[in-house]
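What follows is the residue order along each chain.
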Amino acid sequence: MHTWSPASAAAALTVACVLASACNRDEPADTEALAPASTGDGSTGDPTGGEIDRATLVHSFGVQTLAPLEETEPCVQWTLRNEQAIYVNAMTLVNDGGYHHSNWLAVPEDKFAGPDGFFPCSERGYDELEAAISGTVIFAQSTQSREEVQQLPAGAVIKIPPRHKVIAGVHLLNLASVALQTELRMALDIIHPRDVEVVLSPFRLTYYDLAIPPQRRSRFTGTCSLADAYTGAVGGEFDLRLYHVLPHTHYLGDHFRLELVGGPRDGEVVFEKTGFDAGPNGRAFDPPLALADADGLRFSCGYDNWRDVEIGWGIGDQEMCVMLGLADSRAIMDIGVRDNTKPVGVDGDVTLYEGPCGVLALPENNAQTEPTQEEKDGPLYVPEADPGDVDLEPTKRCVDADPAAAPAAAPTLANLASAIFTPNCTFSSCHDAKSPAAGLDLQTTAGLRDRLVGHPVAAATPLALVEPGVPEDSWLYQLTSRCEPTDGQGQAVRTMPYNAPTLLPDPSVALIRAWIESGAQDN
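Residues numbered from 1 in each chain as written. Predicted model: local features only at pLDDT ≥ 70, side-chain atom pairs only at ≥ 80, totals over all residues. Heavy atoms only, no water.

## Considerations on unusual backbone geometry
Turning to step 1, where the next piece is worked out: Residues D286 and P287 are joined by a peptide bond in cis, for which omega reads 10°.
Turning to step 2, where the next piece is worked out: Looking at the secondary structure, you find P287 in strand β19 (residues 283–290).
Turning to step 3, where the next piece is worked out: For the bond from M496 to P497, the omega torsion is 10°, close enough to zero to count as cis.
Turning to step 4, where the next piece is worked out: On the secondary structure map, P497 appears in the loop between α7 (475–481) and α8 (506–517).
Turning to step 5, where the next piece is worked out: Although it is not a glycine, F112 adopts a positive phi angle of roughly 50°.
Turning to step 6, where the next piece is worked out: By the secondary structure assignment, F112 is in the loop between β5 (99–108) and β6 (117–119).
Turning to step 7, where the next piece is worked out: Its identity as a non-glycine residue notwithstanding, D391 has a phi of 65°, on the positive side.
Turning to step 8, where the next piece is worked out: Residue placement: D391 occurs in the loop between α4 (373–377) and α5 (413–426). (Helix = DSSP H or I, 4+ residues; strand = E, 2+ residues; numbered from the N terminus.)

In structure tokens, the structure reads:
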């Protein structure tokens, strides 16, 4: 087992972590467990006179405008002004695109002081280490996901203590050749304290020591013994129970696996994802996964580096390998591989690497306690919503595109590719050149027009993907302009882009329409 010095470990601790996405084109986000939005009046009961046991508090962080090809990493906060603790069983995060990833914590409202909204992180000295230790992790966004629900099992909650605020570092990226306006909303599904069965604590697995070789597939694995560090931190037995996991890689990531280490279930795979798109990627364990008879966890991140350069750890065109866990745990843990990675063999066409895993375990925050008897006996407390958030829905309603809208740019295929396909269809790797969904490559410039006009449509529809001159007879236009497009059998199908609660902006849809109307030329 690789060990860290206390100083280096403490400097490295950031339990709030970015999360991932993996190809899962058939499973929409589960929103059925969310309650209707609350009235947001700070009530502690049903205004009709009855008693309520859950409510949803919704907040809009407003609209951000990103210039063409702009990349920025601001912070953002929402002060809850909660006089009492709230117990969150589910969280929803929705945006209109451009949010590459974001990491969300709850901290005392006097930390990183300043008004709500977006701000430069350095302006207030924001640091995830300090935020994680003083508060708790509440959520992290899957890579490029536009709509995501973190639904915990019944009775499992993240506790936000009194007088706390929600704060995050966000990574905004607009790969389009046109400006992007994007709204961000968050919803907290709050349950009654008497229904709380367990308050969850975060931990993180990270493989920092990435040197991903060019033009080949590879896999990096850390085998992490947790029991000794855990028992040393809490002064008791290794009683961690896992409730939720969410991995994070970037555009080259094509695999994530989590296994048990030690005990009678040694080597058992408990979570695995393959592929990459902009969908939500978390998994809840119900019942929870007990680690008492194991020694730890083994995690692996796989990559398909089609580029001709080595890729390391970082943002932009670099990669990551992270997993956030939420557990019934008396410790918060930061676990990872930082150095000494070695090649250990091959598995088919995959080069295998492993490195020593270090573990830092600290006792959980003293504020992360179970509900008191007074809280259980009292009515449900819901913080008062901001005036602009009253009756706001967690997810924006989809509206069909306006056929009279002006296009965002001149109706050329080059503009279609740079303004729409690159940021919405290929960067999420659904329709990239390597493994395109439904066989449709929207990344390769050569032959793009012929593929759009001649590609066989996978859906049960008589329409061509693109019918030159006739947008209404083009399946591409139907999927991007209507909230409920239907196939030839009258069955509703998913709109595009994938995992977007709303359509593309009207000017972008108008660009698709205008290009088809002009004859779908190769220009």
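On we go.
## Focus on the sheet that holds strand β15 (residues 216–225)
Strands pair in a sheet through their backbones, by hydrogen bonds, and they do so in one of two ways: parallel or antiparallel.
Turning to step 1, where the next piece is worked out: With mixed pairing, six strands are arranged side by side in an open sheet as β18-β17-β20-β15-β25-β24. Only two strands of the sheet have a single neighbouring strand rather than two, namely β18 (269–274) and β24 (342–347). When strand polarity is set aside, the average angle formed by the axes of neighbouring strands in this sheet is 20°.
Turning to step 2, where the next piece is worked out: Bridge count between β15 and strand β25 (residues 350–356): seven bridges; the pairing is parallel. Paired with S218 across the bridge in β25 is T351. (Pairing = 2+ DSSP bridges. Axes fitted to C-alpha atoms, helices over the stretch in contact; angles between N-to-C directions.)

## Observations regarding the state of the cysteines
Turning to step 1, where the next piece is worked out: A full pass over the atoms with the stated rule returns four disulfides.
Turning to step 2, where the next piece is worked out: The partner cysteine of C301 in its disulfide is C321, sulfur to sulfur 2.0 Å. The disulfide joining C301 to C321 has a torsion of about 80° about its S-S bond and is therefore right-handed. Linking C301 in strand β20 (residues 296–305) with C321 in the loop between β21 (311–312) and β22 (322–328), this pair joins segments that are 20 residues apart in sequence.
Turning to step 3, where the next piece is worked out: A sulfur-sulfur separation of 2.1 Å characterises the disulfide bridge that pairs C398 with C483. Residues C398 and C483 share a disulfide whose torsion about the S-S bond is about -90°; that sign makes it left-handed. Placement of C398 in the loop between α4 and α5 and of C483 in the loop between α7 and α8 is noted, with a sequence separation of 85 residues between them.
Turning to step 4, where the next piece is worked out: Here C398 falls in the partly exposed class, since its relative accessible area comes to 28%.
Turning to step 5, where the next piece is worked out: Cysteine pairing in the protein follows 1-2, 3-6, 4-5, 7-8, where each cysteine in a disulfide is numbered by its order in the sequence.
Turning to step 6, where the next piece is worked out: Just so you know, C425 is unpaired, no disulfide at all, and the nearest cysteine sulfur is the one on C430, 8.4 Å from it. (Disulfide = S-S within 2.5 Å. Buried < 20%, exposed > 50% of the residue type's maximum accessible area, 1.4 Å probe, protein only.)

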